[in-house]
Amino acid sequence: MAQSQTAAQTAETMPPLSVWLPAVLVAWIIPGGGHFILKKRGRGALILASVTLMFVFGLFMRGMMFTPEKGDILTTLINYGGFVSDLASGALYFAASMFGYAQGDLPGAVHDYGTKFLVTAGLLNILAMVDAYEIAAGRKD
Amino acid sequence: MPKMNLSHFEAAFLFALFTSVVMGITSKKTDKERLNYGAYCFACFLGALVAIGWAMRLGHG
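Here we summarise the structure given alongside this text. (Residues numbered from 1 in each chain as written. Chains lettered and ligands numbered in written order. Predicted model: local features only at pLDDT ≥ 70, side-chain atom pairs only at ≥ 80, totals over all residues. Heavy atoms only, no water.)

Observations concerning the interface of chain A and chain B
Across the boundary between the two partners, chain A contributes 28 residues, which contact 22 residues of chain B. Roughly 2,300 Å² is buried in total at the junction of chain A and chain B, and carbon and sulfur atoms are behind 75% of that figure. Summed over the shared surface of chain A and chain B, the number is 0 salt bridges. Taken together, chain A and chain B are joined by 5 residue pairs in polar contact (both at pLDDT 80 or more). When contributions to the side of chain A that touches chain B are tallied by element, the ones reaching two or more residues are helix 4 (41–60) and helix 7 (109–136) of chain A. Per element, the largest residue contribution to the side of chain A that touches chain B is 11 residues, and it comes from helix 7 of chain A. The residue makeup of the side of chain A that touches chain B, split by class, is 17 nonpolar, 4 polar and 7 charged. (Contact = heavy atoms within 4.5 Å. Buried area = accessible area lost by both parts, 1.4 Å probe. Salt bridge = Lys/Arg side-chain N within 4 Å of Asp/Glu carboxyl O. Polar contact = N/O pair within 3.5 Å; in protein donor to acceptor, adjacent residues only side chain to side chain. Helix = DSSP H or I, 4+ residues; strand = E, 2+ residues; numbered from the N terminus. Nonpolar A, V, L, I, M, F, W, Y, C, P; charged D, E, K, R; others polar.)

See below:
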């Protein structure tokens with residue numbers, strides 16, 4: 001009973017797909033793009049600069065792009081998690097893969113930092129996508 | 001493609017900077033709060049960097 005009430009409340013408060021989906025999709029493909037189409041240009045520009053620079057510095061440091069590989073549970077978690085995070089960078093990830101900049105694991109602290117930069121760029125873009133959703137849904141200015 | 005060879009400090013500094021900017025923007029509701037939270041996150045990142053760096057140095061002997 002309580003569960004069905006909560007589900008009904010969530011369904012009521014959830015805005016229609018057409019309100020937020022375009023902003024979230026654009027935010028995924030172009031970091032900060034969701035904010036741009038929601039007329040939050042200053043915030044969009046800062047997100048675009050931060051995520052793009054982080055991704056590009058990750059590439060310059062020869063960071064590794066994860067691929068979805070299976071193994072023991074930790075290996076599977078790391079590889080799938082890393083892959084999803086890389087994928088969250090949107091066009092940056094697709095462009096880097098398409099033009100052959102994706103590379104495997106290399107030993108060394110700088111490469112390791114590069115891998116973290118690439119993954120974190122994607123995670124920051126997920127934060128930006130959630131923010132774009134909240135703005136589009138009217139929960140935030 | 002150019003290759004970057006950053007030191008630990010430079011890499012951690014840039015990481016802290018970009019992460020703080022996005023966290024500040026996405027976490028708060030007014031511009032003033034965003035600026036304050038971004039600066040707070042950046043200070044925390046750098047404080048943790050220095051503290052953990054010293055802990056590792058002292059712990060290593």
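Next, the rest of the story.
What about unusual backbone geometry?
Residues other than glycine predominantly adopt negative phi, and peptide bonds predominantly adopt the trans conformation. Residues and elements named next belong to chain A. In this structure, Lys-39 takes a positive phi of about 65 degrees despite not being glycine. Looking at where Lys-39 falls in the secondary structure, it is placed in the loop between helix 3 (33–37) and helix 4. In this model, Arg-62 sits at a positive phi of 60 degrees, which is unusual for a non-glycine residue. Turning to its location among the elements, Arg-62 is positioned in the loop between helix 4 and helix 5 (73–87).

Considering a nonpolar patch on the surface
Among the surface-exposed residues, Ile-29, Ile-30, Phe-36, Leu-48, Phe-94, Met-98, Phe-99 and Tyr-101 of chain A together with Met-1 of chain B lie close enough to one another that they form a single nonpolar patch of about 840 Å² accessible area. When you line up the elements, Met-98 of chain A lands in helix 6 (residues 91–98). (Patch = residues over 30% accessible without salt bridge, like charges linked within 9 Å, V, L, I, M, F, W, Y side chains within 5 Å. Areas by Shrake-Rupley, 256 points an atom, 1.4 Å probe, with all protein chains shown as cover.)

Digging into the packing of aromatic side chains
Taken as a whole, this structure holds 10 aromatic pairs over all chains when the rule is applied. An angle of 40 degrees between the planes, with centres 6.0 Å apart, marks the rings of Phe-9 of chain B and Phe-13 of chain B as tilted. Taken together, the positions of Phe-9 of chain B and Phe-13 of chain B, both in helix 1 (residues 8–27) and 4 residues apart, correspond to about one turn of that helix. Looking at Phe-9 of chain B, the relative accessible area reads 46%, which means it is partly exposed. Of the residues examined, Phe-13 of chain B reaches a relative accessible area of 32% and is grouped as partly exposed. Ring geometry for Phe-13 of chain B and Phe-42 of chain B: centres 5.4 Å apart, planes at 85 degrees, overall edge-to-face. Of the two residues, Phe-13 of chain B is situated in helix 1 and Phe-42 of chain B in helix 2 (residues 31–60); the sequence distance between them amounts to 29 residues. Each member of the aromatic cluster is reached from another via a ring pair, and the members are Trp-28, Phe-83, Tyr-93 and Phe-94 of chain A. The lysine or arginine in question, Lys-28 of chain B, covers the ring of Tyr-37 of chain B, its NZ or CZ lying 5.0 Å from the ring centre. (Phe/Tyr/Trp six-rings, centres within 6.5 Å; stacked < 30°, edge-to-face > 60°. Buried < 20%, exposed > 50% of the residue type's maximum accessible area, 1.4 Å probe, protein only. Lys NZ or Arg CZ within 6 Å of the ring centre and 35° of its normal.)

So far we have only geometry, and geometry alone does not tell us how the molecule works.
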